[in-house]
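What follows is the residue order along each chain.
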Amino acid sequence: MDIKEALFKYTLRLGDNSLILGHRLSEWCGHGPILEQDIALINVALDLIGQSRSYLAYAGEIEGKGRDEDAMAYLRVERDFYNVLLAEQPNGDFGRTIARQFFFDVFHFLLLEKLTSSTDEQIAAIAVKSLKEVTYHLRYSSEWIIRLGDGTEESHRRIQESIDELWMYTGEMFEMDEVDETLIGVGIATDLSALKPLWEEKVSEVLKEATLNQPESGWMQSGGRKGIHSEHLGFLLSELQYLQRTVPNAKW
Amino acid sequence: MVTTADIWSWMEDIFDPEIPVLTVVDLGVVRDVAIENNRPVITITPTYSGCPAMNTIEEEIVQKLVAEGFENPEVKTVLHPAWTTDWMSENGKKKLEEYGIAPPAGGSVNKKALFAEQDTVRCPQCKSENTHMVSQFGSTACKAMYQCKDCLEPFDYFKCL
């Protein structure tokens, strides 16, 4: 695999993680449990969608076929999206959303820390900018894990259920293939297997503080990074892409 | 002959659409102005990745330069170096507080993501430092919600980034 092809796919993976999770969070707009949390979730959504715009615009430049960030977001089919399966999982209740966010935020934070020293200037620039935002996301989701876990009997039970059910989607974040290996060789990407122990350490620290049990690492779901998704992504895209599919080239 | 100093002074006439007391220069969003082949080139950087004000700011800069007689001004957006509240001018911070938004206290965001200590934030109404954070996310990406425990007034805080 040549570097250009690998970089294109790598940039799409980064952009799709942010876009799909950002879109999921945006579904909370007007439905948050209280106003402050509604606003908080939407702020996180806005940051992620902003980040995805930077990545997807860059992916279009790398590809060199004239596709911009909108073409990438609105006109790709499901199998051409490379986000991790965790990002597309439905919101569920507030606790489910927080559990999904927490697992991703810890990973995202650690990944961006490494990517700030990527030899690709644009990837590094997006990482430096995003890391500042994700620092706030991680603080927010960590605090909520603790509040829900160490809260009432019901909040404890419900957040534990969400953690148990989403756990099988956490392994995929650390998978690597030819794309990663090609780019690690030239200092653009980072070795995800080195992030895994750091992720586990941070997650276990917060779960412990939250009086929650850390699930045992068992069988893990996989596929999103290769374009093979859960049924949820198709429904998500049908909403996200509706306008451009129905009225092609519609402008605001 | 137009100089870059003229262009900087025109930028002082362009206000942030969401915080209309701050100019784009106070905010530190304008990073550079240059004149290339008699054509002004303005370099801007977003505060947050998803800041919805950026498009409006870009349009306003273009409109201003067109009004000053340039046919084809260029506005470039860069991500590096990443914007920080450290770039906000002292005058900008003063104007923010007068407007009722507490300016960023201290340096850019604390990298210690977990359980970081909160900044001491002064109430823009009664100036008490006896305040507490209601939510670290507020009405725009750059603000957090606070409340003063003395005068009880809720207020926005321009958080450090």
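Residues numbered from 1 in each chain as written. Chains lettered and ligands numbered in written order. Predicted model: local features only at pLDDT ≥ 70, side-chain atom pairs only at ≥ 80, totals over all residues. Heavy atoms only, no water.

Novice: Before we go on, may I ask you to explain the sheet that holds strand E2 (residues 39–44) of chain B in this structure?
Specialist: Strand pairing in a sheet is mediated by backbone hydrogen bonds. Such pairs are either parallel or antiparallel. Residues and elements named next belong to chain B. Spatially, 3 strands are ordered E1-E2-E3 in an open sheet, and the strand pairing comes out mixed. Of all strands in the sheet, those with a lone pairing partner are strand E1 (30–36) and strand E3 (74–77), marking the two edges. Ignoring strand direction, the axes of neighbouring strands in this sheet form an average angle of 20°. Examined bridge by bridge, E2 and E3 share 4 bridges and lie parallel to one another. Looking at E3, one finds that threonine 43 is bridged to lysine 76. Where helix H1 (residues 4–11) meets the sheet, its contacts fall on E1 and E2, and the angle it forms with E1 comes to roughly 140°. Across the sheet, helix H3 (residues 53–67) is in contact with E2 and E3; its angle to E2 comes to roughly 160°. (Pairing = 2+ DSSP bridges. Helix = DSSP H or I, 4+ residues; strand = E, 2+ residues; numbered from the N terminus. Axes fitted to C-alpha atoms, helices over the stretch in contact; angles between N-to-C directions. Contact = heavy atoms within 4.5 Å.)

Novice: I keep staring at the packing of aromatic side chains and nothing clicks. Help me out?
Specialist: For any pair of aromatic rings, the description consists of the separation of the ring centres together with the inter-plane angle of the planes. In the structure shown here, the tally under the stated rule is 14 aromatic pairs over all chains. Judged by centre distance (5.5 Å) and plane angle (65°), the ring pair of A:Phe174 and A:Trp199 falls under edge-to-face. Residue A:Phe174 is found in the loop between helix H7 (153–166) and helix H8 (178–184), and its partner A:Trp199 is found in helix H9 (residues 192–209); the two are separated by 25 residues along the sequence. A connected cluster of aromatic rings, assembled from ring pairs, spans A:Phe102, A:Phe103, A:Phe104, A:Phe107, A:Trp167, A:Phe174 and A:Trp199. For the cation-ring pair, B:Arg31 lies above B:Trp87, with the distance from its terminal atom to the ring centre recorded as 3.5 Å. (Phe/Tyr/Trp six-rings, centres within 6.5 Å; stacked < 30°, edge-to-face > 60°. Lys NZ or Arg CZ within 6 Å of the ring centre and 35° of its normal.)

Novice: Just to check I follow, could you spell out the pairing of strand E7 (residues 154–158) of chain B for this structure?
Specialist: Side chains on a regular strand alternate between the two faces of the sheet. Residues and elements named next belong to chain B. For E7, a buried count of 4 out of 5 residues is recorded, marking the element as mostly surrounded by other parts of the structure. Looking at chain direction, strand E4 (residues 101–102) and E7 are connected through 2 bridges and run parallel. Across the sheet, residue alanine 102 finds its bridge partner in E7, namely tyrosine 157. Bridge count between strand E6 (residues 143–148) and E7: 5 bridges; the pairing is antiparallel. Among the inter-strand pairings, tyrosine 146 is bridged to a residue of E7, identified as phenylalanine 155. Between E6 and E7, which follow one another and run antiparallel, lie 5 residues, and leucine 152 among them has a positive phi close to 70°. (Buried < 20%, exposed > 50% of the residue type's maximum accessible area, 1.4 Å probe, protein only.)

Novice: I tried to follow the domain arrangement of chain B on my own but got confused; where do I start?
Specialist: In many analyses, interface size is given as the accessible surface area lost on bringing the parts together. All names here are of chain B. According to the domain assignment, chain B contains domain 1 (4–83) and domain 2 (88–158). Taken residue by residue, the interface counts 10 residues in domain 1 and 13 residues in domain 2. On inspection of domain 1 and its partner domain 2, the count reaches 1 salt bridge. Between domain 1 and domain 2 we count 3 residue pairs in polar contact (both at pLDDT 80 or more) in total. Residue composition of the side of domain 1 that touches domain 2, grouped by class: 7 nonpolar, 1 polar and 2 charged. (Domains from an automatic or database assignment. Salt bridge = Lys/Arg side-chain N within 4 Å of Asp/Glu carboxyl O. Polar contact = N/O pair within 3.5 Å; in protein donor to acceptor, adjacent residues only side chain to side chain. Nonpolar A, V, L, I, M, F, W, Y, C, P; charged D, E, K, R; others polar.)

Novice: What is the right way to look at H7(A) in this model?
Specialist: All names here are of chain A. If you check H7, its first and last C-alpha atoms are 20 Å apart, about what 14 residues at 1.5 Å a residue would give, namely 20 Å. Within H7, burial applies to Ser155, Ile159, Gln160, Ser162, Ile163 and Leu166. The buried residues of H7 occupy an angular sector of 160° when projected down its axis, which confines them to one face. Of the surrounding secondary structure, the elements contacted by the buried residues of H7 are helix H4 (85–88), helix H5 (94–115), helix H6 (121–149) and H9. (Expected span 1.5 Å × (residues − 1). Arc of directions from axis to C-beta.)

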